[in-house]
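Coordinate analysis (summary)
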Amino acid sequence: MRATGAPAPLVGRQAEIAAVTEVLDQARRGTGGALVLWGEPGIGKTALLDHVTATSPDFAPLAVQPARCESGTPFAGLDTLLRPVEHLIATLPVSQAAALRGVLAGEVTAAGRSLIAVAVLSLLSALAVDRPLLIVVDDAHRLDAETEFVLGFIARRVGTEPVVVLVADHDAPAGGSWEGADPLAVRPLADDHAAQLVAAAHPGLDGPEVTRAVKAGGGNPLALHELPVPIDDLAAGTVPVGPRLREAFAERLRTMPAPAREFVVLMAAARADGDQLTLARSARSRAPEGPVWEETTWSGLLAGTPDRPALRHPVVRAAVYASASPSERGNAHRTLAAALPPGSRGHVWHRAATVHDIDEEIAGLLERTVPSGAGAVPILRRAAELSADPAAATRRLAGAAVAAWHGGDATMARRLLADARSLTDEVLVTRASRGLRGVLELAEGSLERAHRSISRDIAAFDDPRMGVELGAAALHAGWSAARDDLVGETLTRLAGLTTPGLPDVLPVVRTWWGPATAPARAAS
C-alpha cells in the first residue's frame, strides 16, 4: 500500500469512494467511524485504500501493512503503527505509557491487551486534536492476534473522535475482531469499467480482443492486468491466472478453515455442468460443526445457493484451482469421482485428473465419453496427454481441433492442429481432422492458400465422398478468389471421383461453380 503520492487512477469505484468519503466527512465534523473493505483477492481493496489516502491530505495518516512472516509475533503490527508517533507516548498516563513502551521494546508485558488497547486509543485521540486521523490497515488477515484485538477495540470506539479506521480484509466483518465496524463490499467491476481498465492496461487491443479479456477477467482488476492478451483459451474453459493473482488466492486459501478450504477447492475442481448434486451435498454435510456453505458465505468467492453452489466466475475458479496444492486438487478430484456413477463422463474425467503419467486405459475411457460440441475440447486434450501411442494422441488432438472449430474458436483449433502435426505425419492429421487446416484457411486466411491446402488434402482420403466434400470447399475458395484456373483444376479433380451410390454431382457443380465468364455465374 502507498501511503502518499499521486492518487491512483481508479475505474468504476465511484460507489465505494462515495461510501468512504461520507465517513471521512463525518470525521471532519468530529464523528469518527470504521469501515472494513472486503472482497476476493485482486479485487482492488489496496488500490482503493491508496486512492483514499492520497486524496485526503487534511488527514494525518497512520498505516499498517503487516508482513505474513510476522503474523505470529505479538504486537508486530502495533509496533509498525506506533513507531511514527513514539515521541508522544510520554504524554500518556504512567501506566499506559509503560504498557506501550513495553510493546515497542518487544517485551512480554503483564499489562494485558485491554490496557494496551486503552493506551493506544488515548494516544490516537491526542493525535486527532490538531487534525483528523486516518488509520489504514491493509491485508488485515496477516495481522498478529494481539494487534487485531487492539485495532478492533479502537474501531468500535472512535465514534466520538475525528478518527477513521479503514481495514482491508478478505471476509466481511460478520464476527471476530472487526465486529461492529461497517462492511463495505468491493465488488467486481462492471463490464464497461472492466473494458476501460483493459484498454488502459493493454493498449492496442481491438474491440473483440477487449471483449474477450473482459469476459476472462470476471471484473477482477488484478486478473485483468495480468491476462496475457490476446485471450485465446476461453472456448476451452481455460482462464489464464497470473503469478500475483495465484499467490493472492493461495494466501487466501491458507487463511480459511480447513473444511471451508476443502469445499472451495472441491468447487474449483468440479465440472460446471455435471457435479452440482455432489457439491450441494458437500455444502450441507462436510463440516460436522455446521454447513460449510455458511463458513464460506462471507469470503466473496461464492455465487449461487446451497442447492446450486458455484464460485463467482471462471477466473475465481481458475485462481483457486491454480493456488491449491497438488494434494488438495487430487483429493478434490477423488472425492468427486467417488460420488459419481462409475464409467460416467464425470467419473472418468475426475479419475483422469488424478493420473500423472501415461495411461492409455483412462485415455480410451475419456475418448468414449466425449460430448458433442466445444465441451469435447478439454476431454480430448486430456486424453491426448495420457496417450501412449503418438498416433492415438494425434487423432485425439485433431478431434479436439474439430470440436473447437465447431464451437467457434478458430484460434484454439489452429493451435490444436499444430500440436497434432508435431507428433506425426501430415496425412494422419489431415484424415483425423477431416481436412480442417484448409477449411480454417478458407475461413480466416488466404483464399489461394486455402485452395492449395484443400486440394492437397483431397488425396489423403480414400473415400470419394470426403473428396467431394473437400472439393466443394476448394471450389468455393477458387470461386471467391475469382481464379478460373483454380476452379477448373478442382472440377477436373472432381470428375475423377466416382463411387456406387454417389450421384453425379458435376452438372450441378458446373452450374454453380463454373468459370467466372459462364452465363450461370453471371446471372447469379
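As a starting point, this report considers the structure included with it. (Residues numbered from 1 in each chain as written. Predicted model: local features only at pLDDT ≥ 70, side-chain atom pairs only at ≥ 80, totals over all residues. Heavy atoms only, no water.)

Remarks on the overall build of the protein chain
- For the protein chain, the count of helices and strands is 27 helices and 7 strands.
- Here the protein chain holds 524 residues, and the buried ones make up 48% of them.
- Excluding contacts between residues fewer than 6 apart, the proportion of contacts in the protein chain whose partners are at least 24 apart in sequence is 67%.
- Accessible surface, the protein chain: about 23600 Å² in total, of which carbon and sulfur atoms supply 55%. (Helix = DSSP H or I, 4+ residues; strand = E, 2+ residues; numbered from the N terminus. Buried < 20%, exposed > 50% of the residue type's maximum accessible area, 1.4 Å probe, protein only. Contact = heavy atoms within 4.5 Å. Areas by Shrake-Rupley, 256 points an atom, 1.4 Å probe, with all protein chains shown as cover.)

With respect to the packing of helix H17 (residues 360-368) against helix H18 (residues 376-385)
- It is at 8 Å that the axes of H17 and H18 come closest, and there the two elements cross at 160°. The angle between H17 and H18 places the two elements in the roughly antiparallel class. Of the two possible hands of crossing, H17 and H18 adopt the one that is left-handed. Along its contact with H17, which presents Ala363, Leu366 and Glu367, the element H18 presents Ile379, Leu380, Arg382 and Ala383.
- Its residues placed into classes, the contact of H17 with H18 shows 5 nonpolar, no polar and 2 charged. (Axes fitted to C-alpha atoms, helices over the stretch in contact; angles between N-to-C directions. Parallel < 35°, antiparallel > 145°, perpendicular 65-115°, else oblique. Left-handed = near helix turned anticlockwise from the far one by under 90°. Nonpolar A, V, L, I, M, F, W, Y, C, P; charged D, E, K, R; others polar.)

So, the sheet that holds strand S4 (residues 163-169)
- Within the open sheet, the 5 strands sit side by side as S2-S3-S4-S1-S5. Their pairing is parallel. Strand pairing shows two members of the sheet lacking a second neighbour, strand S2 (60-64) and strand S5 (182-185), which therefore form its edges. Across the sheet, the axes of successive neighbouring strands diverge by a mean angle of 20°, strand direction being ignored.
- In this sheet, S5 lies alongside strand S1 (residues 33-38) in parallel orientation, the contact comprising 4 bridges. Following the sheet pairing, Leu37 is matched in S5 by Leu184. (Pairing = 2+ DSSP bridges.)

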